[in-house]
Amino acid sequence: MATATYECLCKTVGYEVTGEPAMACFCHCNHCQIYGGDAAHVAAFKPEQFKYTKGESETIVYEHTPKKTRHTCKKCGSFVHNILPNGLMVTPLGGMTFTKDKIKPTMHIFYAERCRDATDDLPKHEGWPA
(Lines give C-alpha, C1' and ligand atoms only; values in the text may rest on other atoms or scores of the structure.)
Protein backbone atom coordinates (compact mmCIF):
# COMPACT_ATOMS: atom_id res chain seq x y z
CA MET A 1 0.00 0.00 0.00
CA ALA A 2 1.31 3.46 -0.88
CA THR A 3 2.36 5.81 1.89
CA ALA A 4 1.58 8.79 -0.31
CA THR A 5 0.63 9.83 -3.84
CA TYR A 6 1.42 13.02 -5.71
CA GLU A 7 0.01 14.84 -8.71
CA CYS A 8 1.29 18.10 -10.13
CA LEU A 9 -1.07 21.08 -10.43
CA CYS A 10 -2.25 20.15 -13.94
CA LYS A 11 -2.43 16.43 -13.02
CA THR A 12 -0.12 15.44 -15.91
CA VAL A 13 2.61 13.95 -13.69
CA GLY A 14 1.96 11.58 -10.81
CA TYR A 15 3.83 9.16 -8.58
CA GLU A 16 3.56 7.19 -5.39
CA VAL A 17 6.02 6.53 -2.61
CA THR A 18 5.90 3.57 -0.25
CA GLY A 19 7.30 3.00 3.21
CA GLU A 20 9.07 5.33 5.56
CA PRO A 21 11.35 8.01 4.14
CA ALA A 22 15.08 8.01 4.80
CA MET A 23 14.62 11.60 5.99
CA ALA A 24 11.78 14.11 6.35
CA CYS A 25 12.78 17.71 6.96
CA PHE A 26 12.53 21.40 6.34
CA CYS A 27 15.36 22.22 3.93
CA HIS A 28 16.67 25.78 4.19
CA CYS A 29 19.30 25.51 1.44
CA ASN A 30 19.64 28.39 -0.98
CA HIS A 31 18.27 26.27 -3.87
CA CYS A 32 15.04 25.49 -2.01
CA GLN A 33 14.66 29.15 -1.12
CA ILE A 34 15.11 30.19 -4.78
CA TYR A 35 12.60 27.56 -5.95
CA GLY A 36 9.97 28.18 -3.31
CA GLY A 37 10.73 31.41 -1.48
CA ASP A 38 11.35 29.74 1.88
CA ALA A 39 12.34 26.43 3.42
CA ALA A 40 11.05 23.37 1.57
CA HIS A 41 8.96 20.72 3.38
CA VAL A 42 10.43 17.56 1.82
CA ALA A 43 11.10 13.85 2.31
CA ALA A 44 13.83 11.66 0.81
CA PHE A 45 13.00 8.15 -0.38
CA LYS A 46 15.13 5.33 -1.80
CA PRO A 47 14.63 4.81 -5.56
CA GLU A 48 12.85 1.49 -4.98
CA GLN A 49 10.23 3.32 -2.86
CA PHE A 50 9.36 5.73 -5.70
CA LYS A 51 7.23 4.90 -8.75
CA TYR A 52 5.79 7.15 -11.44
CA THR A 53 2.09 6.50 -12.02
CA LYS A 54 1.86 8.83 -15.03
CA GLY A 55 3.68 11.49 -17.00
CA GLU A 56 7.33 10.60 -16.42
CA SER A 57 8.11 11.71 -19.99
CA GLU A 58 6.34 15.01 -19.28
CA THR A 59 9.03 16.26 -16.91
CA ILE A 60 11.88 18.68 -17.49
CA VAL A 61 15.13 17.48 -15.92
CA TYR A 62 17.58 20.15 -14.82
CA GLU A 63 21.00 19.30 -13.37
CA HIS A 64 21.66 22.23 -11.07
CA THR A 65 24.72 20.76 -9.38
CA PRO A 66 26.80 17.75 -10.47
CA LYS A 67 24.69 14.58 -10.21
CA LYS A 68 21.76 16.41 -8.56
CA THR A 69 18.74 16.81 -10.77
CA ARG A 70 15.47 18.67 -10.34
CA HIS A 71 12.38 17.36 -12.14
CA THR A 72 9.46 19.66 -12.94
CA CYS A 73 6.27 19.30 -14.96
CA LYS A 74 6.67 20.60 -18.54
CA LYS A 75 3.11 21.88 -18.59
CA CYS A 76 2.49 23.60 -15.23
CA GLY A 77 6.02 23.92 -13.78
CA SER A 78 5.25 22.08 -10.52
CA PHE A 79 8.21 20.71 -8.57
CA VAL A 80 7.93 16.94 -8.97
CA HIS A 81 11.10 15.64 -7.27
CA ASN A 82 14.88 15.91 -7.04
CA ILE A 83 17.42 13.13 -7.29
CA LEU A 84 20.44 13.56 -5.00
CA PRO A 85 23.95 12.35 -5.87
CA ASN A 86 23.43 9.39 -3.47
CA GLY A 87 20.31 8.36 -5.43
CA LEU A 88 17.68 9.44 -2.89
CA MET A 89 14.48 10.86 -4.40
CA VAL A 90 13.49 14.12 -2.68
CA THR A 91 9.75 14.76 -2.87
CA PRO A 92 7.63 17.73 -1.82
CA LEU A 93 5.45 16.79 1.15
CA GLY A 94 3.03 19.67 0.64
CA GLY A 95 1.63 18.22 -2.59
CA MET A 96 1.06 14.68 -1.34
CA THR A 97 -2.09 12.78 -0.46
CA PHE A 98 -1.44 10.34 2.36
CA THR A 99 -3.10 6.94 2.74
CA LYS A 100 -2.32 6.79 6.46
CA ASP A 101 -0.45 9.11 8.79
CA LYS A 102 1.13 12.18 7.29
CA ILE A 103 4.90 12.29 7.09
CA LYS A 104 6.12 15.03 9.39
CA PRO A 105 9.53 16.69 9.33
CA THR A 106 11.89 15.57 12.07
CA MET A 107 14.62 18.20 11.56
CA HIS A 108 15.81 21.32 9.78
CA ILE A 109 18.76 21.03 7.38
CA PHE A 110 21.00 23.77 5.96
CA TYR A 111 19.73 25.93 8.79
CA ALA A 112 22.76 28.20 8.43
CA GLU A 113 21.27 29.40 5.09
CA ARG A 114 17.80 30.10 6.49
CA CYS A 115 15.92 33.26 5.54
CA ARG A 116 14.00 33.28 8.83
CA ASP A 117 14.27 31.55 12.18
CA ALA A 118 12.18 28.48 12.92
CA THR A 119 10.25 28.52 16.20
CA ASP A 120 9.78 24.77 16.67
CA ASP A 121 11.86 22.42 18.82
CA LEU A 122 13.12 20.24 15.95
CA PRO A 123 16.90 19.70 15.65
CA LYS A 124 18.56 22.31 13.44
CA HIS A 125 21.56 21.18 11.39
CA GLU A 126 23.90 23.70 9.76
CA GLY A 127 24.22 21.41 6.69
CA TRP A 128 23.53 17.72 6.14
CA PRO A 129 22.90 15.84 9.40
CA ALA A 130 25.81 13.75 10.67
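Residues numbered from 1 in each chain as written. Predicted model: local features only at pLDDT ≥ 70, side-chain atom pairs only at ≥ 80, totals over all residues. Heavy atoms only, no water.

1. Let's talk about the overall build of the protein
Moving on, step 1. When its secondary structure is counted, the protein shows 1 helix and 11 strands.
Moving on, step 2. Ordered by position from the N terminus, the helices and strands of the protein form the series β-β-β-α-β-β-β-β-β-β-β-β.
Moving on, step 3. By principal-axis analysis of the C-alpha atoms, the protein measures approximately 35 × 30 × 25 Å.
Moving on, step 4. Within the protein, residue pairs in contact and separated by at least 24 positions form 54% of the contacts whose partners lie at least 6 positions apart. (Helix = DSSP H or I, 4+ residues; strand = E, 2+ residues; numbered from the N terminus. Contact = heavy atoms within 4.5 Å.)

2. As for the side chain of Ser-78
Moving on, step 1. Summarising the element assignment, Ser-78 is placed in the loop between strand 7 (68–73) and strand 8 (79–83).
Moving on, step 2. What makes Ser-78 buried here is its relative accessible area of 9%.
Moving on, step 3. For Ser-78, the side chain forms a polar contact with the main-chain nitrogen of Leu-9, separated by 3.2 Å.
Moving on, step 4. Contacts of Ser-78, omitting those with residues within four sequence positions, involve Tyr-6, Cys-8, Leu-9, His-71, Thr-72 and Cys-73. (Buried < 20%, exposed > 50% of the residue type's maximum accessible area, 1.4 Å probe, protein only. Polar contact = N/O pair within 3.5 Å; in protein donor to acceptor, adjacent residues only side chain to side chain.)

3. Observations concerning the packing of aromatic side chains
Moving on, step 1. What the rule picks out here adds up to 4 aromatic pairs.
Moving on, step 2. Between Tyr-15 and Phe-50, the aromatic rings sit 4.5 Å apart at their centres with planes inclined by 35°, giving tilted as the arrangement. Of the two residues, Tyr-15 is situated in strand 2 (residues 14–17) and Phe-50 in strand 5 (residues 50–54); the sequence distance between them amounts to 35 residues.
Moving on, step 3. A relative accessible area of 11% places Phe-50 in the buried class. (Phe/Tyr/Trp six-rings, centres within 6.5 Å; stacked < 30°, edge-to-face > 60°.)

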